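Examination of the molecular architecture
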Amino acid sequence: MTDDTSRSAAPSQALWAAVDLGSNSFRLEIARETAPGRFERLHYLKETVRLGGGLDAQGQLSPEAMQRGWQCLEGFGQRLKELPQARARAVATQTLREARNAAAFLQKAEELLGLPIAIISGREEAALIYQGVTSLLPEGDERRVVVDIGGRSTEIITGQGRQAQDMESYPIGSVTCSQRHFASGQFTALAFADAEADAKAALAEAATRFARPRWDAAYGASGTVGAVLAALRKSGRTSMDDAIALSQLYWLRQRLIDTGDINALDMPGIREDRKAIIGGGLSVLISLFELLGIDTMRRGHGALRHGLFHAAHAAREQELPAWRQAV
């Protein structure tokens, strides 16, 4: 489990906690509100659970995948108990939207976490991602497209400044694409060609709905974009801060093909827990660049959980019952 712990909160400052049950990783972030609508991270926990990897063709989560999720959430629950005054919310995304036995998983998961877990829709997830990403960007009227490649879904959102205007969630991600096209453990030119064709078919509607000239700047959030950018930096392939070009994605794809065997991949920037799904994630990312006409994509440092913080602030201001005290 990744545990990034920073500062302690002053007793008088409001604490907020957000739990994101993603298809690949579960995340817990605890922040303090330093000013209305402004949050500073105190603690961050991330664990690669691979919940989506345990979903079979019949839509059933395997006992092993559920156990991994429960074990992680038990640890998160212990951390939340240390913060009795924190306002907290937990949400789940694509894997639990799909799982036919989601209720069985959630019953025990909520007991261990100490919070209700809401399965949010794809469009709600997209809206929260846009809010989270843009909350950490400069204010202004820039027209933006934000993409987030998750384990089993990809969200695309266009907006201006911090206001989302159009959004959609598509049922393909780094885990699903890797399971379909790289399950043999081999990076081949044919596997990438098939994976990119598959991704483009799943994202076909986006080619007109979210393409230029509807936006001026592109931002990528979460795991796949971060892993690709880290690999490019460590390889000396990008001199731009937090930015990726399509030519660099083609270079990385060729490096993986040259490596051949996933188990032989030893590339700085690509962590061990990312190797099995980097082929699928890269295929989806290349497809997005080509479909939407993206030349350069910058790293968006915000994410779904940051959108939850801002939703929390808005709910509190409107006295909506969207957040509850952590017990």
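Residues numbered from 1 in each chain as written. Predicted model: local features only at pLDDT ≥ 70, side-chain atom pairs only at ≥ 80, totals over all residues. Heavy atoms only, no water.

Another point: the overall build of the chain. From N to C terminus, the chain includes 11 helices and 13 strands. Over its C-alpha trace the chain gives a radius of gyration of 19 Å, about what one expects of a compact globule, namely 20 Å for 327 residues. If one aligns the C-alpha atoms of the chain with their principal axes, the spans along those axes are about 55 × 50 × 35 Å. Buried positions account for 55% of the 327 residues belonging to the chain. The long-range fraction of contacts in the chain, counting pairs at least 24 apart against all pairs at least 6 apart in sequence, stands at 70%. Summed over its atoms, the accessible surface of the chain is roughly 13800 Å², and 47% of this surface lies on carbon and sulfur atoms. For the chain, the distance from the average position of its 38 positive side-chain charges to the average position of its 39 negative side-chain charges is 2 Å. (Helix = DSSP H or I, 4+ residues; strand = E, 2+ residues; numbered from the N terminus. Rg over C-alpha atoms; globule rule 2.2 N^0.38 Å. Buried < 20%, exposed > 50% of the residue type's maximum accessible area, 1.4 Å probe, protein only. Contact = heavy atoms within 4.5 Å. Areas by Shrake-Rupley, 256 points an atom, 1.4 Å probe, with all protein chains shown as cover. Lys, Arg positive; Asp, Glu negative; His and termini not counted. Charge placed at Lys NZ, Arg CZ, Asp CG, Glu CD.)

The subject of this paragraph is the packing of helix 5 (residues 174-181) against helix 10 (residues 275-292). As a packed pair, helix 5 and helix 10 sit with axes 7 Å apart at the nearest point and diverge in direction by 105°. The angle between helix 5 and helix 10 places the two elements in the roughly perpendicular class. Across from Ser 174, Val 175, Cys 177 and Ser 178 in helix 5, the residues of helix 10 making contact are Ala 276, Ile 277, Ile 278, Gly 279, Gly 280, Gly 281, Ser 283 and Val 284. Its residues assigned to classes, the contact of helix 5 with helix 10 shows 6 nonpolar, 6 polar and no charged. (Axes fitted to C-alpha atoms, helices over the stretch in contact; angles between N-to-C directions. Parallel < 35°, antiparallel > 145°, perpendicular 65-115°, else oblique. Nonpolar A, V, L, I, M, F, W, Y, C, P; charged D, E, K, R; others polar.)

Let us now look at helix 9 (residues 246-259). In a regular helix each residue adds 1.5 Å, so 14 residues correspond to 20 Å; helix 9 covers 20 Å between its end C-alpha atoms and thus fits that length. Taken residue by residue, helix 9 has Leu 246, Gln 248, Leu 249, Trp 251, Leu 252 and Leu 256 as its buried positions. In the core, the buried residues of helix 9 are packed alongside helix 6 (189-202), helix 8 (222-234), strand 11 (243-245) and helix 10. Directly after helix 9, the chain includes Gly 260, whose backbone phi takes a positive value near 85°. (Expected span 1.5 Å × (residues − 1).)

Turning next to the confidence of the model for the chain. Summing up the model confidence of the chain, the mean pLDDT is 90 and the portion of residues at 70 or higher is 90%. Here residues 322-327 is modelled with pLDDT under 50, and outside its nearest four sequence neighbours on either side it reaches 28 contacts, counting other chains as well. (pLDDT = per-residue confidence, 0-100.)

Further remarks concern the packing of helix 9 against helix 10. Orientation of helix 9 relative to helix 10, taken along the N-to-C sense of each, is 150°, at an axis distance of 10 Å. The angle between the axes of helix 9 and helix 10 places the two elements in the roughly antiparallel class. Crossing angle aside, the handedness with which helix 9 passes helix 10 is left-handed. On helix 10, the residues touching Leu 246, Leu 249, Tyr 250, Leu 252, Arg 253 and Leu 256 of helix 9 are Ile 278, Leu 282, Leu 285, Ile 286, Phe 289 and Glu 290. (Left-handed = near helix turned anticlockwise from the far one by under 90°.)

Enumeration over the complete set of coordinates arrives at 6 aromatic pairs. Summarising the aromatic geometry, the rings of Phe 39 and Phe 309 are spaced 5.4 Å apart at their centres and angled 25° between planes, so their arrangement reads as stacked. With Phe 39 in strand 4 (residues 38-48) and Phe 309 in helix 11 (residues 304-317), this residue pair connects regions lying 270 residues apart in the sequence. Taking the relative accessible area as the measure of exposure, Phe 39 reaches 21% and is therefore partly exposed. For Phe 309, a relative accessible area of 1% translates into the label buried. Seen from their ring centres, Trp 70 and Phe 105 are 5.9 Å apart, and the 10° between their planes marks the pair as stacked. On the criterion of sequence distance, the pair formed by Trp 70 in helix 1 (residues 63-81) and Phe 105 in helix 3 (residues 102-113) is long-range, its members being 35 residues apart. Ring pairing ties together the aromatic residues Trp 16, Phe 39 and Phe 309, which thus form one cluster. (Phe/Tyr/Trp six-rings, centres within 6.5 Å; stacked < 30°, edge-to-face > 60°.)

Time to look at the pairing of strand 9 (residues 163-170). One ladder, built from 7 bridges, connects strand 8 (residues 154-160) with strand 9; its direction is antiparallel. Of the residues in strand 9, the one forming a bridge with Thr 154 is Tyr 170. Where strand 8 hands over to strand 9, the hairpin turn is made up of 2 residues, of which Gly 161 adopts a positive phi near 60°. (Pairing = 2+ DSSP bridges.)

All right, on to the pattern of salt bridges then. In this structure the tally under the stated criterion is 20 salt bridges. Arg 180 is the salt-bridge partner of Asp 198, the closest N and O atoms lying 3.0 Å from each other. Here Asp 198, found in helix 6, pairs with Arg 180, found in helix 5; they are 18 residues apart in sequence, far enough to count as distant. Through salt bridges that share partners, Arg 123, Asp 166, Glu 168, Glu 205 and Arg 209 make up one connected network. (Salt bridge = Lys/Arg side-chain N within 4 Å of Asp/Glu carboxyl O.)

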